[in-house]
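What follows is each chain in one-letter form.
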Amino acid sequence: MTVSSVGQQNSTSDLVLTLQFSNPGSADRQQLISLANALRAAAQDIVPGVSTRARVDAVTPAAAAERRPSSDAPLLIDLPARQVLLHGRPVSLSHTEFEILSHLARRPRVVVSRRRLLELSGTLGDRERPGRSVDVHVSRVRTKLDRFGWLVSTVRGTGYRFDPDPRVRIVSEPAA
């Protein structure tokens, strides 16, 4: 069983419960739904006002193996799970760093302006001139991606671009 949570947005918490069972024959669907509802109720008791969503997946062993990062893809960017794995190890990105990387990765070879990246990260505020905060975040992303940091290119005077590579796997749809 896997339980994951999504960070805070605005002032409300959002908790996503994902239940995955490798042997779908071990429990019928109604039992799994009941378990998910019990977990949601427990979350409401612990964190009043939390918004919860539950998803129940019955995963066959073949499907579970398919979800694992392949050996020919040392960098995995899983957008729905908000996770980046480098050689199978999680890369710790801040919320803003992940937002910048995900926006660029969803649009390979498209130049995105610094101002647009600031708007996405929510750090622009009322400032007329954006400053260098996006540059700092991009620098941190590059450092954390180690030898794949070059995937985020600077387009001088314009912004940034994600340059795809066959050794990088980008998951853009939730696994079914």
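Quick note: structure is the one above.
The structure presented is a predicted model; accordingly, all values stated were derived computationally and were not measured. (Residues numbered from 1 in each chain as written. Predicted model: local features only at pLDDT ≥ 70, side-chain atom pairs only at ≥ 80, totals over all residues. Heavy atoms only, no water.)

Colleague: Which parts of the structure should I look at to understand the packing of helix 3 (residues 95-106) against helix 5 (residues 133-144)?
Modeller: Two quantities define a packed helix pair, namely the angle between the axes and the distance from one axis to the other. Helix 5 packs onto helix 3 with a crossing angle of 85° between their chain directions and a minimal axis gap of 9 Å. Here helix 3 lies roughly perpendicular to helix 5, going by the angle between them. In this structure, helix 3 contributes Thr96, Glu97, Ile100 and Leu101 to the contact, and helix 5 contributes His137, Val138, Arg140, Val141 and Lys144. Each residue belonging to the contact of helix 3 with helix 5 can be placed in one class, and the counts come to four nonpolar, two polar and three charged. (Axes fitted to C-alpha atoms, helices over the stretch in contact; angles between N-to-C directions. Helix = DSSP H or I, 4+ residues; strand = E, 2+ residues; numbered from the N terminus. Parallel < 35°, antiparallel > 145°, perpendicular 65-115°, else oblique. Contact = heavy atoms within 4.5 Å. Nonpolar A, V, L, I, M, F, W, Y, C, P; charged D, E, K, R; others polar.)

Colleague: Quick question: what am I supposed to make of the pattern of salt bridges here?
Modeller: Opposite charge on two side chains makes pairing possible when the charged atoms of those side chains draw close. Overall, the coordinates contain six salt bridges when judged by the stated rule. Put simply, Asp165 and Arg167 hold a salt bridge, and the shortest N to O gap is 2.9 Å. Exposure remark for Asp165: the relative accessible area of 14% places this residue in the buried category. Assessed through its relative accessible area of 32%, Arg167 is described here as partly exposed. (Salt bridge = Lys/Arg side-chain N within 4 Å of Asp/Glu carboxyl O. Buried < 20%, exposed > 50% of the residue type's maximum accessible area, 1.4 Å probe, protein only.)

Colleague: Just checking my understanding: could you explain unusual backbone geometry for this structure?
Modeller: Of all residues except glycine, most have a negative phi; of all peptide bonds, most are trans. With phi around 55°, Arg82 is a residue other than glycine that occupies positive phi space. Checked against the element boundaries, Arg82 lands in the loop between strand 4 (75-78) and strand 5 (83-86). When its relative accessible area of 33% is taken as the criterion, Arg82 is described as partly exposed. In the Ramachandran plot, His87 falls in the positive-phi region, its phi being about 55° despite a non-glycine side chain. Looking at where His87 falls in the secondary structure, it is placed in the loop between strand 5 and strand 6 (89-90).

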